There are 2 protein chains.
Amino acid sequence: MEWPIAEVARMSGVTARTLRHYGEIGLLPPVRIGANGHRYYGECQLLRLQQILVLRALGLGLPEIGRVLAEQVDEVEALRRHHRRLLAERDRLDALAGTVSRTIAELEQSRKDGTPMTVNRPENLFEGVVPSQYQESLRDFPEHAEEVARRVAAMTPQEVEAGQRERTAQMIRLAELMAAGHPADAEPVQAETDARYRALTALRAVSTEEYRAMGRSCVDNDAWRAAYEAIAPGLAAYQRDAIEAYADTRLS
Amino acid sequence: MEWPIAEVARMSGVTARTLRHYGEIGLLPPVRIGANGHRYYGECQLLRLQQILVLRALGLGLPEIGRVLAEQVDEVEALRRHHRRLLAERDRLDALAGTVSRTIAELEQSRKDGTPMTVNRPENLFEGVVPSQYQESLRDFPEHAEEVARRVAAMTPQEVEAGQRERTAQMIRLAELMAAGHPADAEPVQAETDARYRALTALRAVSTEEYRAMGRSCVDNDAWRAAYEAIAPGLAAYQRDAIEAYADTRLS
DNA sequence: GTTGACGTTGTCGTTGCGGCAGCTTCTACC
DNA sequence: GGTAGAAGCTGCCGCAACGACAACGTCAAC
């Protein structure tokens, strides 16, 4: 018993285009191709198509389905991997939705206040840590400020500017990682934190406890918190958490 | 003050390729293009780039970002729409993960039992409602069976087979909707249920209560339940729920 | 004069098809 | 035997957002 492509399409609910596509990529070749080029499918193909559709409905990709049906990989194992991916993606979207929700609340608050909007008007984004503000904020760490001031004085203006840009870029990447839903102790975030820590120690030696204290200042120090929150709501706390996690796992 | 592309890339953390891409699609054209073709960006472009990056980190697509920055659409409104999309996608993945999880459990159970696996071996998928089995199962609805038998006898074999294929295709679509995470009362599921109800009433008039009873039989009748569960675990109950919801909202 | 860093444009690949164009084939009917 | 309609075929473009090349131009330094 053989069926032409349109018949199979009607039986299975997929389009003829899809069947041709599956044939093209080798997932479901027709049992026979007539002298006129027409595709014909047999019972085996229908069975295979059903397996494909079930796995597809479960969200597996076509290459993965091909591997499962070729019995090269265990289907339960494949589904378990897939399940983990689904949960991770769900959690990411959940965190992202939270960020978006908070951003909306911030924007509406700004709108009522008449204060400039942070997302649409991030004038201070590249200037969020201007030297004056930055150094003024360093009052919490007098000896750090002193040392840094001496180092900066020894640098060319170009070097100072470059360093500042680099810090800003790091902050932006951090904000993006946060908004993308990565938890503060996730690998990419920790890698960024590591880079920041190294940049900092290049200016002056910083002990683990001092670094933790600076992390807490991201939230506790008004000027710093404002600068971080101006970039993205929640960034101050996020950075503090990232620093805490970094100190816990890599500096202990 | 102008910066070449690599400088902007370093400052913002995106690649030069990305900047070129944004230029290509008109999202962020350089302020100036040198005689040698090199791109140069000014402060306005940096600001715009930051707005782009923030919105991008929140998950908006580039066309949407373009519309927001052109101030053609309200950003809070855009974010709210986006938020809804995020939640819907999260819920879909959540339901899908549940389906995958149940499928894994079924497969492991089958493996222990030695019973054939449902996903990998849906031999009876296109034969799940073979006429004999189907009519045998109709014992629960004697008068329905009688009427249907008379109608079927008056049809050509081709018509009978076509009707059967159509029912099978409908079941498969239903299974896919279920696996995709749609709740039983979701619109596409209800639309499918409507189609099935119409196909049924074409054979014989069916009252609301009779239809409800048939829905419950999907689970209660062993043969039917087996046929549905052979396609996808949970499909029997899913179909019953879909029919209940359909009877509630469209037949009352 | 060459090396190396930086720039350009252009194309392919990603995922899973939908949609269209242009053409052939098959079947039915007059 | 001609023709209309249905169904088939093979490409190719498009989607989202770039990454990863290739092949080539340009600029300063040694």
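Residues numbered from 1 in each chain as written. Chains lettered and ligands numbered in written order. Predicted model: local features only at pLDDT ≥ 70, side-chain atom pairs only at ≥ 80, totals over all residues.

Here we come to the overall build of chain A. If you tally the helices and strands in chain A, you get twelve helices and three strands. Scored against the burial criterion, the 252 residues of chain A give a buried share of 32%. For chain A, the proportion of contacts with a sequence separation of at least 24, taken over those separated by at least 6, is 57%. (Helix = DSSP H or I, 4+ residues; strand = E, 2+ residues; numbered from the N terminus. Buried ≥ 20, exposed ≤ 12 C-beta atoms within 10 Å, placed from the backbone. Contact = placed C-beta atoms within 7 Å.)

Looking at DNA strand D, there are 17 residues lining it, with A:Ala6, A:Arg39, B:Thr18, B:Gly61 and B:Leu62 nearest. Each residue belonging to the surface near DNA strand D can be placed in one class, and the counts come to six nonpolar, seven polar and four charged. (Near = placed C-beta within 6 Å. Nonpolar A, V, L, I, M, F, W, Y, C, P; charged D, E, K, R; others polar.)

Moving on: the environment of A:Arg39. Note on placement: A:Arg39 falls in strand E3 (residues 39-41). The residues touching A:Arg39, leaving out its near neighbours within four places in the chain, are A:Ile5, A:Gly23, A:Pro30 and A:Ile33.

This part is about the packing of helix H9 (residues 187-203) of chain B against helix H12 (residues 235-250) of chain B. Residue and element names in this part refer to chain B. Interaxial distance between H9 and H12 falls to 10 Å at its minimum, and their mutual angle equals 85 degrees. As the angle between them shows, H9 and H12 are arranged roughly perpendicular. Only Ala242, Ile243, Ala245, Tyr246 and Arg250 of H12 make contact with H9, whose side of the interface consists of Val189, Gln190, Thr193, Asp194 and Tyr197. Split into classes, the residues belonging to the contact of H9 with H12 amount to six nonpolar, two polar and two charged. (Axes fitted to C-alpha atoms, helices over the stretch in contact; angles between N-to-C directions. Parallel < 35°, antiparallel > 145°, perpendicular 65-115°, else oblique.)

Lining the immediate environment of DNA strand C, one finds 17 residues, of which A:Arg17, A:Thr18, A:Gly61, B:Ala6 and B:Arg39 sit closest. At the level of secondary structure, the elements contributing two or more residues to the surface near DNA strand C comprise helix H2 (16-24) and helix H4 (62-69) of chain A together with helix H1 (5-12) and helix H2 (16-24) of chain B. When its residues are assigned to classes, the surface near DNA strand C shows six nonpolar, seven polar and four charged.

Residues and elements named next belong to chain B. Strand order across the open sheet formed by three strands is E1-E3-E2, with antiparallel pairing between neighbours. Of all strands in the sheet, those bounded by a partner on one side alone are strand E1 (3-4) and strand E2 (32-33). As judged from the two bridges shared by E2 and strand E3 (residues 39-41), these two strands associate in the antiparallel manner. Looking across to E3, one finds that Arg32 is bridged to Tyr40. (Pairing = 2+ DSSP bridges.)

For any part of a model where pLDDT is low, the fine detail of the predicted coordinates should not be relied upon. Residue and element names in this part refer to chain A. Predicted confidence across chain A gives a mean pLDDT of 75, with 71% of residues reaching 70 or more. Low pLDDT, under 50, characterises residues 117-137; the predicted model gives this stretch 44 contacts beyond four residues in sequence or across chains. Interface confidence for the predicted complex, expressed as ipTM, amounts to 0.60; the pTM equals 0.59. (pLDDT = per-residue confidence, 0-100.)

It is worth spelling out the environment of A:Val219 at this point. Mapped onto the secondary structure, A:Val219 falls in helix H10 (residues 208-220). Sequence-wise, A:Val219 and A:Arg240 are 21 residues apart; in three dimensions their C-alpha atoms are separated by 7.0 Å.

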